[in-house]
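Notes for the structure review
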Amino acid sequence: MARWDRGDQGTSIPDWFWEAVETEPETRTVEVDECDVMYRRYGDTAKPGLLLVHGMYAHARWYDFIAPRLTDDFCVAAMDLTGMGDSDYRYEYKGEVFAEEIRAVADDAGFGDDVIVAAHSFGGAMAAKSATRHADRYGKLILIDSGMRHPDEPEPERPSMMHGRAKIYPDRAAAEARFRLQPPQECKQAFVLQYVAKQSLMPADGGWAWKFDDDMPGTMVNCDRLPEDYQGLHLPVGIIYGAESDSFTRMSLEYMRELISGEVPAVEIADAQHHVFLDQPLAFIDALREVINRLG
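These notes cover the structure that comes with them.

Rules behind the numbers
Residues numbered from 1 in each chain as written. Predicted model: local features only at pLDDT ≥ 70, side-chain atom pairs only at ≥ 80, totals over all residues. Heavy atoms only, no water. Helix = DSSP H or I, 4+ residues; strand = E, 2+ residues; numbered from the N terminus. Rg over C-alpha atoms; globule rule 2.2 N^0.38 Å. Buried < 20%, exposed > 50% of the residue type's maximum accessible area, 1.4 Å probe, protein only. Contact = heavy atoms within 4.5 Å. Core = buried A, V, L, I, M, F, W, Y, C linked by side-chain atoms within 4.5 Å. Pairing = 2+ DSSP bridges. Right-handed = clockwise from strand over helix to strand, strands pointing away. Patch = residues over 30% accessible without salt bridge, like charges linked within 9 Å, V, L, I, M, F, W, Y side chains within 5 Å. Areas by Shrake-Rupley, 256 points an atom, 1.4 Å probe, with all protein chains shown as cover. Salt bridge = Lys/Arg side-chain N within 4 Å of Asp/Glu carboxyl O. Lys, Arg positive; Asp, Glu negative; His and termini not counted. Charge placed at Lys NZ, Arg CZ, Asp CG, Glu CD. Axes fitted to C-alpha atoms, helices over the stretch in contact; angles between N-to-C directions. Phe/Tyr/Trp six-rings, centres within 6.5 Å; stacked < 30°, edge-to-face > 60°. Lys NZ or Arg CZ within 6 Å of the ring centre and 35° of its normal.

Looking only at helices and strands, the protein chain features 10 helices and 12 strands. Its C-alpha radius of gyration of 18 Å places the protein chain within 12% of the 19 Å reference for a compact globule of 296 residues. Reported as C-alpha extents along the three principal axes, the dimensions of the protein chain are approximately 50 × 40 × 40 Å. Considering the protein chain as a whole, with its 296 residues, one finds that 57% of them fall into the buried category. Look at the contacts in the protein chain between residues 6 or more apart in sequence, and 78% of them connect residues 24 or more apart.

So this is what it looks like as structure tokens:
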């Protein structure tokens, strides 16, 4: 990515960020149920595998400034679930197929059965389904602000995440100005949000559109989060969540520890909401390393 507006803004963006996003990965695809699943792989393939999975309406490039900073210890892959990013779109999106996509990327990337899967939000729910279906395929699962809300905890009031007809913007600048996180929140790191917006657009009908299938929410099958998805986990599980998140709270953490057998280490990241690694990327990287170490 070009270093945009290298004047005042350029000097306010830290060097670690530029070093990370300017690291070129290997871009690969693997076919799952007649659709290509795209992923980006970083680092030495001889090192242990770490697979990063994004949330709803996101994509692999949300991890561009995270993945390269983990390659001292891991070969890192960041994937696009179908319907998002640069992976193919489907007529119907099934939870069991998302689960197979995660497994297929781990296989194609050459990761062994000790691979660590770290997955955010919706991606965490699909990773839990994958780990339940393939009990011996993964070494550890780390849920990032992802899990089930306690049955007694009310849902926060939010705008619907259902989308109507795809919005086409006349130019990139207009589209980037309209980029919003879902569920809605401010981002404490404006340059991170700006970068993610730039990577989230594709040419469409003479203009620009977001890199996700607008028809996806209405065509999803078996994608609900179920208690048995977590009760069926038989691998070490850790949790990272934002202290200010209304998607995953301390009450959520207590409920997840009821559902998942064994000890579930957790790290709460201060000054972070649901999109925890956008809010506090360096603190997130430290937390990820901490949880991995605590899981043994």
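Ranked by size, the top nonpolar core spans 103 residues in total, and within it F17, L51, F65, Y230 and F284 carry the most contacts. The dominant element in this core, judged by the number of residues it contributes, is helix α10 (residues 281-295), at seven residues. Setting aside residues no more than four positions away along its own chain, Y230 makes contact with A125, A128, L143, G147, M148, R225, M256, L259 and I260.

The next point concerns the pairing of strand β12 (residues 266-269). Pairing between strand β11 (residues 237-242) and β12: four bridges, direction parallel. Each residue of the ladder has a partner; that of I240, found in β12, is V267. This β-α-β element, β11 to helix α8 (residues 250-259) to β12, shows right-handed connectivity.

Turning our eyes to something else, we now look at a negative patch on the surface. Residues E31, E34, D36 and D88 make up a contiguous surface patch of negative charge. Turning to its location among the elements, E31 is positioned in strand β1 (residues 26-32).

The next subject is the environment of G207. Residue placement: G207 occurs in strand β9 (residues 207-210). Once the C-alpha coordinates of G207 and E153 are considered, the two residues, 54 residues apart in sequence, prove to be 42 Å apart. Ignoring any residue separated from it by four or fewer positions in sequence, one finds G207 in contact with I168, Y169, P170 and M202.

A few words on the sheet that holds strand β7 (residues 140-144). If you trace the eight strands from one edge of the open sheet to the other, you get β1-β2-β4-β3-β6-β7-β11-β12, paired in mixed fashion. The open sheet has two edge strands, β1 and β12, and neither has a second partner. Direction aside, the axes of adjacent strands within the sheet are offset by 20° on average. Where strand β2 (residues 35-42) meets strand β4 (residues 75-79), four bridges bridge the pair, whose relative direction is antiparallel.

With that settled, the discussion passes to the packing of aromatic side chains. Here the structure, examined in full by the defined rule, presents 14 aromatic pairs. Taking 5.4 Å as the distance between ring centres and 55° as the angle between the ring planes, the aromatic pair formed by Y241 and F248 counts as tilted. As far as burial versus exposure is concerned, Y241 and F248 are alike and both buried. Joined through ring pairs, the aromatic side chains of W16, F17, W18, F65, F191 and Y195 make up one cluster. A cation over a ring is seen here: K167 above Y169, with NZ or CZ 5.6 Å from the ring centre.

A full pass over the atoms with the stated rule returns 21 salt bridges. A salt bridge links R90 to E101; the shortest N-O distance between them is 3.0 Å. Of this pair, R90 sits in the loop between β4 and β5 (93-94) while E101 sits in helix α3 (residues 95-108), and the two are 11 residues apart along the sequence. Classification of R90 as buried rests on a relative accessible area of 10%. Judged by its relative accessible area of 0%, E101 is buried. Note that K198 and E176 form a salt bridge whose closest N and O atoms lie 3.3 Å from each other. Of this pair, K198 sits in helix α6 (residues 190-199) while E176 sits in helix α5 (residues 172-177), placing them 22 residues apart in sequence.

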